[in-house]
Each structure stands twice: as C-alpha cells, then as structure tokens.
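Close look at the chain arrangement
As a plain string of letters, each chain reads:
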Amino acid sequence: MCTLEQRGRVFVLTLTGDDEHRLSHALIASIRSSVASVAAAAASAGPGTALVTVGEGRFFSNGLDNIWAGTSRERLQGLVDALSPLAADLFALPMPTIAAITGHAAAGGFLLALCHDYRIMRGDRGVLYMSEVDIGLPLPPYFVSVLRSKITAANALRDVTLRGRKLKAAEAKEMGIVDAVCPGPAETAAEAIKLAEQLAARKWDGNVYASIRMSIFPEACRSIGIVEESDEEKRKHFASRL
Amino acid sequence: MATKDLCSVEKRGRVHLITLTGAGEHRLNPTLLSAIRSAVAAVRASPDAGALFLAAEGKFFCNGYDLAWARAGASPADRIAAMRAALRGLVADLLALPAPTVAAVTGHAAAAGCGLALAHDAVVMRASRGFLYMGEVDARIKIVDFFGELIRQKVPDAVARRDLVMKGEKMTAAEAVRRGIVDKAVDGGVGDVVDAAVAMAEGLAARGWNGETVAEIRKAAWPDLWRKVKDHGGEAPARPRL
C-alpha cells in the first residue's frame with residue numbers, strides 16, 4: 001500500500017502499485033503509520049530533514065474509496081472523517097513536505113497533495129481535479145478550509161471547486177497550485193527529492209518550522225483539529241533555545 | 001526633532017517623514033519602538049497631516065528585534081515579549097493613523113523589520129540593494145499570533161507567503177514587486193527611494209482625504225489584524241501588557 005525509505009536526510013513515502021491509490025481506511029492508516037515513523041525518526045535525526053510523497057503508476061491518488069462506500073452515506077462520512085487526521089499529521093509534521101504528483105490527483109487525492117508544503121507535478125499526463133461538483137457531493141468543511149488556504153487567487157479557487165476544472169501541470173503552475181513541472185514521473189520524483197535535499201540542507205528546527213507553518217495557515221489547521229500554541233508558549237520557546 | 005538619535009521627524013509640505021537615523025541595523029528594541037511610536041503620535045496629533053512615511057539611513061531599513069538585548073537580560077523571554085508588545089502597539093498606531101502611510105524600504109528589512117514595513121499602506125523599496133527576509137525560520141524563532149495575522153493580511157498569496165516565511169527566501173525589490181508584496185521598486189540610492197516615497201505620499205496627501213475616514217476604512221479593510229492589535233495601541237490609551 002505504501003512504503004517508506006530514508007535517503008540521507010530525505011524521507012520518501014511511496015504509494016505503491018499501479019492502481020488508483022484510493023484512500024481506503026487501510027491505505028489512510030498505512031500512510032498515517034509511515035508519517036508517524038517519519039516524525040519519530042526526525043526527532044532523533046535532528047534538524048534538517050524533509051518528506052517527499054510520491055505515487056507509482058498512473059495515479060497519485062484518485063481520492064477517497066467511493067467504490068467501497070457505494071451509496072452508503074455512513075461509509076463515505078467515515079472515510080471523510082478518517083482523512084482529516086492524516087491532513088493534520090502533515091500540517092503538523094516537523095519538516096518541509098513535498099508532493100511529487102506523478103499521476104492523477106482527484107478529490108481527496110488532490111487534497112492530500114495540497115496538504116504538502118510544495119508540489120512538483122509531471123507535465124506529460126495527469127490532472128488535478130476536485131470532482132465533487134461533478135459527482136454531486138458537497139465538499140467537507142475541512143476540504144474547503146485547506147483549499148481556501150492553499151489556493152488564494154479567487155478565480156483559481158472558483159475554477160477548482162465550482163467548475164470542476166481538470167488542471168494539467170502547466171495550468172496548475174500558472175495558478176500557483178503547483179511549484180514546478182517536470183517531463184515525466186521519474187523526473188518529477190527526482191526533482192522533488194532534489195528540492196527536499198535543498199530544504200533539508202537549511203537545517204531548520206522541525207518544531208519551529210511546523211509552528212511557523214501553523215501560524216501561516218491557522219484556519220486550515222483549526223479545521224483539521226490542530227490547536228496552535230499560544231503566544232505564551234511561543235515566548236517560553238524563545239528562552240529555552242538560548 | 002531627533003529622539004536620542006534613534007529617529008528624526010521632518011515635514012515636507014503635508015508629508016511627515018520619520019527616519020530611523022544612523023548607520024546601524026535599527027534593531028527594534030523598546031527604546032527605538034517607543035521613539036517611533038512617539039513620532040507617529042506626533043503625526044497623529046498634527047492637524048494637517050497629509051501622509052506619513054517611514055525610511056531609514058544606511059544599509060539597513062530594519063533588521064528585526066534586538067535579540068542581543070533580549071539575550072543580555074535576566075529573562076530573555078520577557079524581553080522578547082516586551083518587544084513584541086511594543087511592535088503590536090506600533091502596528092495598531094499605524095492602522096489607526098488618520099493619514100495614509102508609506103514605508104520606504106531603503107535597505108535590508110528582516111523579520112520584525114519586514115513586518116513593520118508591511119504594516120504601512122504602501123511599500124516602496126530600493127531596487128539595487130537590500131532584501132526582504134523573514135529570517136525567523138532560520139533563526140529558530142516562532143511567529144506569534146498578531147504577527148502571523150499581519151503577514152496573512154498583507155501577503156495574501158499562499159505561495160508568496162510560503163516562500164517568504166516558511167522558506168525564508170531573501171527577496172529583492174523586483175521579486176517582491178512581482179509577487180505583489182511591495183508596490184514599487186525604485187532605482188538609485190537611499191535618497192532616490194526617499195524621494196519616490198515622498199512623491200507617492202504627496203500624491204496621497206493631495207487627495208485631501210478626511211483622516212478619520214482613512215483610518216476607519218483601513219481598519220475595516222484589515223479587520224482581523226485590527227482586532228488583534230487594537231487593545232495595544234491606536235485609539236486605546238497605551239496599556240502595559242506582557
């Protein structure tokens with residue numbers, strides 16, 4: 001379902017297999033477990049690490065496992081509820097995060113990519129697509145919160161959510177949704193790892209990095225249940241690092 | 001009028017110019033912050049103030065909080081809290097000022113110094129030298145609530161905000177203009193930047209706006225920021241806060 005490896009200072013989480021990487025309870029749990037391992041390893045590795053999430057095959061992720069949910073609202077809500085803590089894990093992760101979008105990323109899969117700090121995408125194939133408007137599903141509130149936090153140009157947000165626009169990498173880059181476009185999946189993964197190494201080389205304190213991320217996206221963090229530190233706690237941190 | 005050689009105030013027509021004097025880094029310790037707030041209060045009290053602008057002598061506009069002063073104290077956490085509280089008050093003073101405000105970033109503007117520039121209505125920046133640099137991530141300093149709000153309101157683009165604050169990118173004036181963070185890049189030396197800022201400020205003063213209206217509209221335009229600073233300055237009498 002997913003594998004985790006460490007290459008120097010960079011952790012690489014791979015969604016394995018040439019399938020849609022549908023976010024089922026099992027896959028979400030598997031990813032969460034890997035992300036937890038990364039957080040733990042970072043604590044002992046010290047400052048200067050980064051995470052890259054990459055997919056094998058034609059899909060990054062085609063979203064929540066709607067096939068399994070079928071017409072059951074309970075099942076669908078259960079999946080929506082299960083993805084939120086994974087989003088929280090990523091927003092709270094004490095290192096920079098990069099999504100190497102090596103294939104289609106739709107709905108929950110697009111959201112997963114947005115939960116990362118940076119996005120590198122293949123230009124030859126694959127689209128980013130918030131399919132909910134086409135399927136006739138409302139967007140869960142935390143999806144909206146993350147979308148609004150990361151896609152700040154009003155027209156871009158409208159096109160993604162209200163028009164169900166399917167974005168190729170080049171368009172996504174113009175809209176500020178993707179940071180770099182690469183020819184194919186291998187180059188995308190390589191570029192993502194290269195960026196990860198550059199960011200890791202800055203030797204940022206992970207706890208501070210995560211804190212700063214949360215202060216930049218407080219609404220998204222609130223929507224997924226992250227409680228930001230108080231100013232008082234941040235003040236104590238200043239003293240403690242001397 | 002010079003205040004302990006920390007900042008000077010002069011009038012050019014209806015434009016009030018506050019200059020951070022000397023060749024140093026113009027670090028924001030309580031003394032300098034108090035001097036700037038006094039200068040701003042004088043402008044507020046002046047009956048025909050058409051516009052205010054803030055500039056600096058030397059290589060630096062403002063290099064942030066005086067961390068050396070903080071570390072030298074018995075309780076560095078208290079000292080940084082004091083500087084944060086004073087800056088919060090100054091931001092409130094600027095938001096409530098019944099006249100348009102311009103920051104002339106004549107040199108490097110880092111961390112709290114960058115925030116101070118952004119707290120003005122408009123920012124002009126020297127093109128040939130100097131960076132905007134939110135160095136907190138590199139210096140391992142967390143970002144407190146009002147400061148995060150200031151950045152979110154004044155740098156609304158998610159990518160620009162991420163690159164400035166989470167990546168600690170050093171942005172030249174041209175880059176900052178391209179990303180919509182500053183309004184104008186000005187070629188030449190400090191004097192040219194000051195002249196351009198004065199010209200901009202004079203243009204604003206010439207509109208003959210009612211000062212109180214400007215202040216009310218500004219507070220309404222940035223309501224979340226105003227809400228977070230209003231109890232520390234502006235119209236409220238200054239109350240000491242930790």
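Starting from 1, residues in each chain are numbered consecutively following that chain's sequence as written. Starting at A for chains and at 1 for ligands, labels are handed out in the order in which the entities are written. Local features in this predicted model are restricted to residues whose pLDDT is 70 or higher, and side-chain atom pairs enter the listing and the counts only when it is 80 or higher, whereas totals over whole chains, interfaces and linings include all residues. Derived side-chain values reflect all non-hydrogen atoms in the structure, with water molecules and hydrogen atoms excluded from consideration.

The name recorded for chain B in an unreviewed UniProt entry is Delta(3)-Delta(2)-enoyl-CoA isomerase, from Eleusine coracana subsp. coracana. UniProt positions are given in the numbering used here, feature names are shortened, and annotations may be inferred rather than shown by experiment. Its UniProt record, at the heading Pathway (unreviewed entry), says of chain B: "Lipid metabolism; fatty acid beta-oxidation."

As named in an unreviewed UniProt entry, chain A is Delta(3)-Delta(2)-enoyl-CoA isomerase, taken from Eleusine coracana subsp. coracana. Turning to chain A, the UniProt record has this under Sequence similarities (unreviewed entry): "Belongs to the enoyl-CoA hydratase/isomerase family." Entered under Pathway (unreviewed entry) in the UniProt record, the comment concerning chain A runs "Lipid metabolism; fatty acid beta-oxidation."

**A few points about the sheet that holds strand β10 (residues 170-171) of chain B**
Neighbouring strands of a sheet are bound in pairs by backbone hydrogen bonds; such pairs are parallel or else antiparallel. All names here are of chain B. The criterion for strand pairing is that DSSP finds at least two bridges linking the strands in question. Only DSSP runs of H or I with at least four residues qualify as helices, and only runs of E with at least two residues qualify as strands; both kinds are numbered from the N terminus onward. The strand order across the open sheet built from 4 strands is β5-β7-β9-β10, with neighbouring strands paired in mixed fashion. At either margin of the open sheet sits one strand with a lone partner, and together these are β5 (60-62) and β10. One ladder, built from 2 bridges, connects strand β9 (residues 132-133) with β10; its direction is antiparallel. Bridge assignment links L132 to a residue of β10, and that residue is M171.

**Structural notes on the interface of chain B and chain A**
Each partner contributes to the interface: chain B provides 33 residues, whereas chain A provides 32 residues. Here chain B meets chain A over a buried area of about 3,000 Å², counting both sides, of which 59% is carbon and sulfur. Take the accessible area each of two parts loses on contact, using a 1.4 Å probe, and add the two losses: that sum is the buried area. Ranking the residues of chain B by area buried against chain A places B:R140, B:K142 and B:M166 at the top, with a combined share of 29%. A carboxyl oxygen of Asp or Glu within 4 Å of a side-chain nitrogen of Lys or Arg is what we treat as a salt bridge. In this structure, the connection of chain B to chain A is made through 4 salt bridges. For this analysis, residues touch if any pair of their heavy atoms sits within 4.5 Å.

**Notes on empty space enclosed by the protein**
Here the term cavity refers to a set of points on a 1 Å grid, laid over the protein atoms alone, in which a 1.4 Å probe fits but cannot get out; the term pocket refers to an open set having protein on both sides within 12 Å along at least five of seven lines, with lining residues being those that place an atom within 4 Å of a point. Grid points are joined across faces, edges and corners, and a volume is the space filled by probe spheres set on the points. Taken as a whole, this structure holds 1 cavity of 30 Å³ or more when the rule is applied. Roughly 70 Å³ of volume is contained in the largest cavity. Taken together, A:D117, A:R119, A:K150, A:G176, A:F217, B:A158, B:V159, B:R162 and B:M166 make up the full set of residues lining the largest cavity. Residue contributions to the lining of the largest cavity peak at 4 residues, all from helix α7 (residues 158-166) of chain B. In this classification, Asp, Glu, Lys and Arg are treated as charged, Ala, Val, Leu, Ile, Met, Phe, Trp, Tyr, Cys and Pro as nonpolar, and every other residue, Gly included, as polar. Of the residues belonging to the lining of the largest cavity, the class tally is 4 nonpolar, 1 polar and 4 charged.

**Some points on the nonpolar core**
Definition used in this section: a nonpolar core is a set of buried Ala, Val, Leu, Ile, Met, Phe, Trp, Tyr and Cys residues joined via side-chain atoms within 4.5 Å. Residue exposure (1.4 Å probe, protein chains only): buried if accessible area is under 20% of the type maximum, exposed if over 50%, otherwise partly exposed. A:L128, A:I177, B:L28, B:L87, B:L132 and B:I181 are the most contacted members of the largest nonpolar core, which has 148 residues in total. When residues in this core are grouped by element, the largest group, 10 residues, is from helix α3 (residues 73-91) of chain A. If we skip the residues at most four places from it in the chain, A:I177 touches A:F110, A:L114, A:R119, A:L128, A:I151, A:V160, A:L167 and A:A172. Among the nonpolar cores identified, the runner-up in size contains 17 residues, and B:L17, B:V186, B:V193 and B:A197 belong to it.

**Some remarks on unusual backbone geometry**
All names here are of chain B. For A111, which is not glycine, the phi torsion reads 50° and is therefore positive. Its identity as a non-glycine residue notwithstanding, R140 has a phi of 60°, on the positive side. Turning to its location among the elements, R140 is positioned in the loop between α5 (136-139) and α6 (145-154). Assessed through its relative accessible area of 30%, R140 is described here as partly exposed.

**Quick notes on the environment of B:A109**
Residues and elements named next belong to chain B. Position of A109 relative to the elements: it lies in strand β7 (residues 108-110). Along the chain, A109 and K142 lie 33 residues apart, while their C-alpha atoms are 18 Å from each other. If sequence neighbours within four positions are ignored, A109 has contacts with F61, C62, C114, F131, L132 and Y133.

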